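Fold and contact review
One letter stands for each residue in the lines below.
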Amino acid sequence: MSARSEPIRVLIADDQALVRAGFRLLIDVTPDLVAVGEAADGNEAVALARREQPDVVLMDIRMPELDGIAATRLITGSPETPATRVLILTTFDLDEYVFAALRAGASGFLLKDVLPADLVAAVRVVAAGEALLAPTVTRRLITHFAGLAESASEPADSLTGVTDRERDVLTLVGRGLSNTEIAEHLRLSLATVKTYIGRLLAKLQARDRAQLVIVAYETGLVRPLPAPAPAPGRAPGRPAEPPGQSGRRPR
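Topic: the overall build of the protein
Each helix and strand in the protein was counted, giving 10 helices and five strands. Taking all 251 residues of the protein together, 48% fall into the buried category. Taking the intrachain contacts of the protein between residues at least 6 apart in sequence as the baseline, contacts between residues at least 24 apart amount to 68%. If you sum the accessible surface of the protein, you get close to 12500 Å²; carbon and sulfur atoms cover 54% of it.

This is the structure in structure tokens:
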């Protein structure tokens, strides 16, 4: 990522004042970040995004008036906020909304109990135009909930003009591989992979890598894996707690 001469402008949208205050404090003490506003509901988030033109919006999903998914769709789809990217904040209890948020234009998502350093790093990644899709938990959730989305019957239906090699790259993006991993898998240079990614973004009119993942699933290039069987002693449909989180329940 290239260095920025100006701090990354961040808007915080969450209906809990304490959560907003915590995120704002972290942002304000980080030299290359600056908080440009706080929103307590989706409508306020949209209005502030249009007024302040933030680089990144930290967006909660469950908010009054207008939820985070609808607000994300309005922000990412508006010509008034063309450069604003949305980073969704969620909990394991909200897993079913993650794929919908990505389809709405979000560039990625984090769990509410994210470590401060990881949150700062995520904001920088998203502000630089990348998608936050690398963590294992993200890959698992996308794979599981992609099966809930409507998909085209044949990949060719919406991939007209995409070459065979570009389809190969798109398939690997959908599987969660990084550019370096794609280069190794296809025996290409990293620069060539970046060129293919750029062409895919242009041809598919995708905002970022997250949107390419959506296309890969919706066109059938990547098929969701079956949901894993629950471990003994855990209710079906409830994901395991992440390492180090035993005994803790996210909001």
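What to know about unusual backbone geometry
Phi at Arg-187 is positive, roughly 60°, even though this residue is not glycine. Counting through the fold element by element, Arg-187 comes out in the loop between α8 (179-186) and α9 (190-203). Even without being a glycine, Gln-205 presents a positive backbone phi close to 50°. With respect to the element layout, Gln-205 can be found in the loop between α9 and α10 (209-218).

Structural notes on the pairing of strand β3 (residues 56-60)
For a regular strand, side-chain orientation follows a simple rule: the groups alternate between the two sheet faces. Of all the five residues making up β3, five are buried; the element is thus mostly covered by neighbouring parts of the structure. In β3, alternate side chains face the same way, and those of Val-56, Leu-58 and Asp-60 on one face and Val-57 and Met-59 on the other are all buried. Across five bridges, the pairing between β3 and strand β4 (residues 85-90) is parallel. Bridged to Val-57 within β4 is Val-86.

Some thoughts on the side chain of Arg-85
Position of Arg-85 among the secondary structure elements: in strand β4. Residues contacting Arg-85, with those up to four places away along its chain left out, are Asp-55, Val-56, Val-57, Ser-107, Val-126, Gly-129, Arg-207 and Asp-208.

Some words on the pattern of salt bridges
Going through the model one piece at a time under the given rule, you end up with 11 salt bridges. Between Arg-20 and Glu-38 there is a salt bridge, and its shortest N-O distance comes to 3.2 Å. Here Arg-20, found in helix α1 (residues 17-28), pairs with Glu-38, found in strand β2 (residues 33-39); they are 18 residues apart in sequence, far enough to count as distant. For Arg-20, a relative accessible area of 14% puts it in the buried group. On the basis of relative accessibility, which here comes to 27%, the residue Glu-38 falls in the partly exposed class. In this structure, Lys-203 and Glu-166 form a salt bridge, with 2.8 Å as the shortest nitrogen-oxygen distance. Placement of the pair is Lys-203 in helix α9 and Glu-166 in helix α7 (residues 164-174), with a sequence separation of 37 residues. What you see here is one network of salt bridges that share partners, running through Arg-20, Arg-24, Asp-28 and Glu-38.

Regarding the confidence of the model for the protein
Of the residues in the protein, 73% have a pLDDT of 70 or more, and the chain-wide mean is 79. Per-element confidence in the protein is highest for strand β1 (residues 8-13), whose mean pLDDT is 97, and lowest for helix α6 (residues 136-145), whose mean pLDDT is 54. For residues 234-251, every residue scores under 50 in pLDDT, and the model assigns this stretch 27 contacts once sequence neighbours within four places are set aside.

The rules behind each value
- Residues numbered from 1 in each chain as written.
- Predicted model: local features only at pLDDT ≥ 70, side-chain atom pairs only at ≥ 80, totals over all residues.
- Heavy atoms only, no water.
- Helix = DSSP H or I, 4+ residues; strand = E, 2+ residues; numbered from the N terminus.
- Buried < 20%, exposed > 50% of the residue type's maximum accessible area, 1.4 Å probe, protein only.
- Contact = heavy atoms within 4.5 Å.
- Areas by Shrake-Rupley, 256 points an atom, 1.4 Å probe, with all protein chains shown as cover.
- Pairing = 2+ DSSP bridges.
- Salt bridge = Lys/Arg side-chain N within 4 Å of Asp/Glu carboxyl O.
- pLDDT = per-residue confidence, 0-100.

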